Amino acid sequence: MKRLKDYIGSSIGIRLTLYYCAILLTTLVLCGLVVIFGMNFALTKEANSKMNLAISNIQNSLETEGKISLNDPELVDQAGSLELWVEIYKDGELISKSPNLGNINLPYYNGPVKSILLKGQEVLISGKDIGDGVFVEVAHPLKREKHFLAVLSGLLIFLMMGATLFAMVSGYISVTNTLKPLAILTRKVKEINTGKLDERIPLSGPKDELYLLAQAFNEMLERLEKGFRSQQEFVAAASHDLRTPLAVIKSYTDLLKRWGKDDKKILEESIQTIAGATQRMERLVNDLLFLARVESKPRLNFVKLNIRELIEEIAKEAQALSQNISVTFTSCDLFVNADEDYLRRALWALVDNAIKYNKENGEVKIISRQEGNFAVIDIIDSGIGIKEEALPRLFEKFYRVDSSRQSTGFGLGLALSKEIILLHQGNIKVTSKYKEGSTFSVYLPIYPPAIKGKNASR
Ligand SMILES: Nc1ncnc2c1ncn2[C@@H]1O[C@H](COP(=O)(O)OP(=O)(O)O)[C@@H](O)[C@H]1O
Ligand SMILES: [Mg+2]
């Protein structure tokens, strides 16, 4: 019993089939009962009126053809039907009875139609005084009607069983067919692991709920695969960038261990190089830690910030640090809701690039302006520019346009900038012309922040 319950519980197909068959069977049984009771009622009513008609026929014959004698067989025939049993009494004495009664005698009954058992079978009986001391008793055996109802019931039960069985088999087949994609989905899901993230569920058939489920599942796999790939690439790139300075440190310490420490010049060079490599590693680790912090969506310390002041500071600092590049700024008072430290870091990464990837005696312009609900900061350089095909990947972690180029960066600056600006509900766009220069535009919502739904259209 428990195993049967478990089996039913384990399959939606079986459950659905049984459920609908139970509904079908209940409906059929109810319909069958209505038919049987309806037929029974109609047949009884017909018998009833036949009996009443018979009594009134006899009464009419006696009244219109007064001379007809009570024992005249014609009178009994007035009952008009072979199915009826008739007895006529005069002053309590049986005068005449219908031949189909044989030697049966009806029990005395004076009243409206009722059902009694006579010699083991159900009969309807009715008796009436029709005047002049004449009493007529009519009975209607229900044998034929009962037989008819029994045959009808049998037929209905047979039809119900047949229909339910048919519904069960065809329902089970069609439900299991419909749910087949679910079984495929389950198998595929079991098969998928991190090594097999490129697997997809084949999409076929009508665009029903199961199709949408498989589609959603494929989309989820797509995202997982992308995330997993970028995670792998990230780890590979980070370890690659750490390996170079480590190799440098190792080779110089080897050198020093063997003979270098006795040579003053070599010793000096080794210390310089090891310090440089350590610094580079420290910078990478710091950048990675900061990126991890930004990506974990930290709570920022938002304050009302004047963009003009921030740009002025950054531009002056940048100018002081780079001698052969001119850094200028044009700005007006513009307020945004921002975390000053984070935003400064994001803008610095852009200004740093504008200086680093510039030409000899090039220039960097920082301009702030308002565009709709946004404060826009453009960082424009007259530098080496970026090829169009590199633009889509520019904000990816560890992406460097020309990785063979002697670069001091790790390719994390733009990724960091973008993450920070997204944390401020802003956006960053880039336009560039190869060998002519680039413009990075940072969009930040104007202070006060628009309340959703109220100022949204402003
Ligand atoms: N203003 C720019 N002009 C030209 N190339 C740029 C500019 N800014 C960024 N790039 C390119 O985009 C790459 C990624 O920039 P970034 O994420 O800041 O990394 P990096 O640490 O190399 O500066 C850089 O390596 C460089 O090739
Ligand atoms: Mg950079």
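Residues numbered from 1 in each chain as written. Chains lettered and ligands numbered in written order. Predicted model: local features only at pLDDT ≥ 70, side-chain atom pairs only at ≥ 80, totals over all residues.

## Focus on the overall build of the protein chain
Our working definition: To qualify as a helix, a DSSP run of H or I must reach at least 4 residues; to qualify as a strand, a run of E must reach at least 2; elements of each kind are numbered from the N terminus. For every residue, the other C-beta atoms within 10 Å of its own C-beta are counted; 20 or more classify it as buried, 12 or fewer as exposed, and values in between as partly exposed. C-beta atoms are placed from the backbone.
Scanning the protein chain for helices and strands turns up 9 helices and 12 strands. With respect to the principal axes defined by its C-alpha atoms, the protein chain has extents near 160 × 60 × 35 Å. Counting the 458 residues in the protein chain, one finds 21% classified as buried.

## Concerning the site of ligand 1
Put simply, the rule is: Using a C-beta atom placed from the backbone, a residue is scored as near a molecule or strand whenever that atom is within 6 Å of it. Put simply, Ala, Val, Leu, Ile, Met, Phe, Trp, Tyr, Cys and Pro go in the nonpolar bin, Asp, Glu, Lys and Arg in the charged bin, and everything else, Gly too, in the polar bin.
Neighbouring residues of ligand 1: 23 residues in total, closest N353, V401, G409, G413 and L414. Among the elements of the structure, α8 (340–356) and α9 (413–423) are those that each provide at least two residues to the shell around ligand 1. Looking at the shell around ligand 1 residue by residue, the class counts come to 12 nonpolar, 8 polar and 3 charged.

## Brief notes about the packing of helix α5 (residues 209–258) against helix α6 (residues 264–295)
A pair of packed helices is captured by two measures, namely the crossing angle of their axes and the spacing between those axes. Let me state the cut-off plainly: Note on method: axes are straight lines fitted to C-alpha atoms, helices fitted across the in-contact stretch only, with angles between N-to-C directions ranging 0 to 180 degrees. Roughly parallel covers angles under 35 degrees, roughly antiparallel covers those over 145, roughly perpendicular covers 65 to 115, and oblique covers all other angles. Two helices crossing with the near one rotated counterclockwise from the far one by less than a right angle form a left-handed crossing, whereas a clockwise rotation gives a right-handed crossing. For every residue pair, C-beta atoms are placed from the backbone, and the pair is scored as a contact if these atoms sit within 7 Å.
Where α5 meets α6, the axes come as close as 9 Å, and the angle between the chain directions of the two elements is 160°. The angle between α5 and α6 places the two elements in the roughly antiparallel class. The element α5 and its partner α6 pack so that their crossing is left-handed. Contacts between α5 and α6 involve A238, D241, L242, P245, V248, I249, Y252, L255 and L256 from the first element and I266, L267, S270, T273, I274, A277, T278, R280, M281, L284 and L288 from the second.

## Side note on the environment of I8
Secondary-structure assignment places I8 in helix α1 (residues 2–9). According to the C-beta neighbour criterion, I8 is exposed, with 12 such atoms within 10 Å. Each C-alpha atom of the pair I8 and L18 lies 9.0 Å from the other, and the pair is 10 residues apart in sequence. When near neighbours in sequence (up to four residues on either side) are disregarded, I8 contacts I14, R15 and L18.

## Things to note about helix α4 (residues 143–191)
Owing to its 3.6 residues per turn, the α-helix brings residues three or four apart onto one side. Stated precisely, the cut-off is as follows: A helix's residues, less one, multiplied by 1.5 Å, set its expected span. Fitting one axis to the seven residues ending at a residue and another to the seven starting there, the bend at that residue is the angle between the two axes.
Helix length check: α4 (49 residues) gives 70 Å between terminal C-alpha atoms against 72 Å at 1.5 Å per residue, within 8%. At L179, α4 is bent by approximately 40°, the largest bend along its length, and proline P181 sits one to four residues beyond.

## Here's the deal with the packing of α6 against α9
Between α6 and α9, the least distance of the axes is 10 Å, while the angle of their chain directions is 25°. By the angle class used here, α6 and α9 are roughly parallel. In this structure, the crossing between α6 and α9 has a hand that is left-handed. Contact residues: α6 offers F290, L291, V294 and E295, while α9 offers A415, L416, E419, I420 and L423. A class-by-class count of the residues in the contact of α6 with α9 yields 7 nonpolar, no polar and 2 charged.

## Points about the sheet that holds strand β12 (residues 437–445)
Put simply, the test is: By definition, two strands form a pair when at least two bridges between them are found by DSSP.
Here we have 5 strands laid out as an open sheet, ordered β7-β9-β10-β12-β11, and mixed in their pairing. Among the strands making up the open sheet, the edge pair consists of β7 (326–330) and β11 (427–433). Strand after strand, the sheet turns through a mean of 15° between neighbouring axes, direction not considered. In this sheet, strand β9 (residues 363–371) lies alongside β7 in parallel orientation, the contact comprising 5 bridges.

## Describing the pairing of strand β2 (residues 93–97)
Where strand β1 (residues 85–90) and β2 come together, 4 bridges link them in antiparallel fashion. Opposite Y89, over in β2, you have L94 as the bridge partner. Where β1 folds back onto β2 in an antiparallel hairpin, the turn is made up of 2 residues, including D91, whose phi is positive at roughly 50°.

## Regarding unusual backbone geometry
Here Y447 and P448 are connected by a cis peptide whose omega angle stands at -5°. Within the fold, P448 resides in the segment after β12. Positive phi outside glycine occurs at F398, with the angle close to 65°. By the secondary structure assignment, F398 is in the loop between β10 (374–381) and α9. When the 18 C-beta atoms within 10 Å are taken as the criterion, F398 is described as partly exposed. We note that K435 has phi near 70°; this positive angle belongs to a residue other than glycine. Tracing the backbone shows K435 in the loop between β11 and β12. Given 11 C-beta atoms within a 10 Å radius, K435 is considered exposed.

## Observations regarding the domain arrangement of the protein chain
Which entries qualify depends on this criterion: The domain boundaries here were taken from an automatic or database domain assignment.
Per the domain assignment, the segments making up the protein chain are domain 1 (2–159), domain 2 (209–294) and domain 3 (300–445). Computed from C-alpha atoms alone, the centre-to-centre distance between domain 1 and domain 2 is 100 Å.

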